[in-house]
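# Coordinates in review
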Amino acid sequence: SAPHLALATLLSAGIGLPAQAERAIFAGGCFWCVESAFQELPGVSAAVSGYTGGTLENPDYQSVSGGDTGHYEAVEITFDPALISYRELLDIYWTTIDPLDQGGQFCDRGTSYLSAVFVLDEAQRADAEASKAAAQRRLGPGQPIVTPILAAATFYPAEDYHQDYYRKNPLRYKYYRWGCERDERLEELWGPQGD
């Protein structure tokens, strides 16, 4: 698909990405927060905010936030599996979301803010199921995880102003995150979080 053409071109040319680069796609509410959780990890070469899982081609923020397209706000992570595994990314992912929430994430409500793991192949599906089971054991049987594991669909990068939002607008980003009580809820679920 067109959104992956640039990535494929970079990969084939060996520009800026390891030859064995792989992709992961996670939805966890506001894509600014998901992006910031993965962007700085060793082995991650890119974390791109975007939209996936819906019916409209080339969606934009306005159409997705309207709730009629079926898209999730998501992040496509490009990583070197020699430095960080897909399973390690998954184990981090669970602790960045509230997997018990069926209506969105934190203060963001609606279908575009639902959480989901989008798997690209059966190996990713197996890792995702195992990681989800481990997260469920950690939470205990009284708190069932509702985050689904879904087959990946076309990923559309979001508008430029959404990319690296936490870096470009650090004060607004921190205020948003604080206002949503995201970190408080994450600590309640998973214990103290590292910076």
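Just so we're clear, the structure is a prediction, and the values are computed from it rather than from any experiment.

## Thoughts on the packing of aromatic side chains
Aromatic ring pairs are reported here in terms of the distance separating the ring centres and the angle at which the planes meet. With the rule as written, the count across this model stands at 11 aromatic pairs. An angle of 20° between the planes, with centres 6.4 Å apart, marks the rings of phenylalanine 79 and tyrosine 86 as stacked. Each member of the pair, phenylalanine 79 together with tyrosine 86, is buried. With a centroid separation of 5.2 Å and an interplanar angle of 65°, the aromatic rings of tyrosine 93 and tryptophan 94 are classed as edge-to-face. Judged on exposure class, the residue tyrosine 93 and its partner tryptophan 94 are both buried. Every member of this aromatic cluster is reached through a ring pair, and the members are Phe26, Phe38, Phe79, Tyr86, Tyr93 and Trp94.

## Here's the deal with unusual backbone geometry
For aspartate 164, which is not glycine, the phi dihedral falls at a positive 55°. Here aspartate 164 is to be found in the loop between strand E8 (155-157) and helix H6 (165-168). With phi around 55°, glutamate 181 is a residue other than glycine that occupies positive phi space. Tracing the sequence through the fold places glutamate 181 in the loop between helix H7 (170-179) and helix H8 (182-190). Residue classification places glutamate 181 among the partly exposed positions, given a relative accessible area of 47%.

Criteria and thresholds
Residues numbered from 1 in each chain as written. Predicted model: local features only at pLDDT ≥ 70, side-chain atom pairs only at ≥ 80, totals over all residues. Heavy atoms only, no water. Phe/Tyr/Trp six-rings, centres within 6.5 Å; stacked < 30°, edge-to-face > 60°. Buried < 20%, exposed > 50% of the residue type's maximum accessible area, 1.4 Å probe, protein only. Helix = DSSP H or I, 4+ residues; strand = E, 2+ residues; numbered from the N terminus.

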